[in-house]
Amino acid sequence: GKVWDKSKKKCVTPQQSGQLDDDNIYEAARDLAYNRRYEEAIKVLQLAQNKQDPRILNYLGYSHRKLGQVEAGLTYYTAALKEDPNYTLVREYMGEAFLQLGRVDKALAQLTEIEKRCGRDCREYSMLEQQIHIYTTN
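As the structure is a prediction and not an experimental result, all values here were calculated from the model.

Scoring rules and cut-offs
- Residues numbered from 1 in each chain as written.
- Predicted model: local features only at pLDDT ≥ 70, side-chain atom pairs only at ≥ 80, totals over all residues.
- Heavy atoms only, no water.
- Helix = DSSP H or I, 4+ residues; strand = E, 2+ residues; numbered from the N terminus.
- Buried < 20%, exposed > 50% of the residue type's maximum accessible area, 1.4 Å probe, protein only.
- Contact = heavy atoms within 4.5 Å.

Moving on, we get to the overall build of the protein chain. Within the protein chain, the secondary structure is distributed over 7 helices and 2 strands. Counting from the amino terminus, the protein chain carries its helices and strands in the arrangement β-β-α-α-α-α-α-α-α. With 138 residues in all, the protein chain has 44% of them scored as buried. When contacts within the protein chain are restricted to residue pairs at least 6 apart in sequence, those whose partners lie at least 24 apart make up 46%.

The following block contains the structure:
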């Protein structure tokens, strides 16, 4: 239930907004989400001062999607892309969300958008391309 505070160089309990800066909040929430602690990640992300930070919105989307709340996840991804249309990781996660809904066409559209922004050699393109391949061959 604690997160690393870079400025204090120790773990602290995130109890209220403003106690941690948004960079610390983002990093802690991302780590929680990657460790499948999605509900905790959402609680930490809700402490962010800048609620429109695309990184914060992205991991709110990711955590909700992983909890099975795909439509909520898409809402956060859409908001993140409104702030930064070139954020390819959001597009990759959004593509995965569309696959969860059976919308291969929309996942392919996100793959195309990623390609426009960083080419076929970027990590996000490869990740989504692989997920589409897995989805369409199963």
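Time to look at the environment of Gly 95. Along the polypeptide, Gly 95 turns up in helix α5 (residues 88–100). Separated by 37 residues in sequence, Gly 95 and Ile 132 place their C-alpha atoms 8.4 Å apart. Residues in contact with Gly 95, not counting those within four places in the same chain, are Ala 107, Gln 110 and Leu 128.

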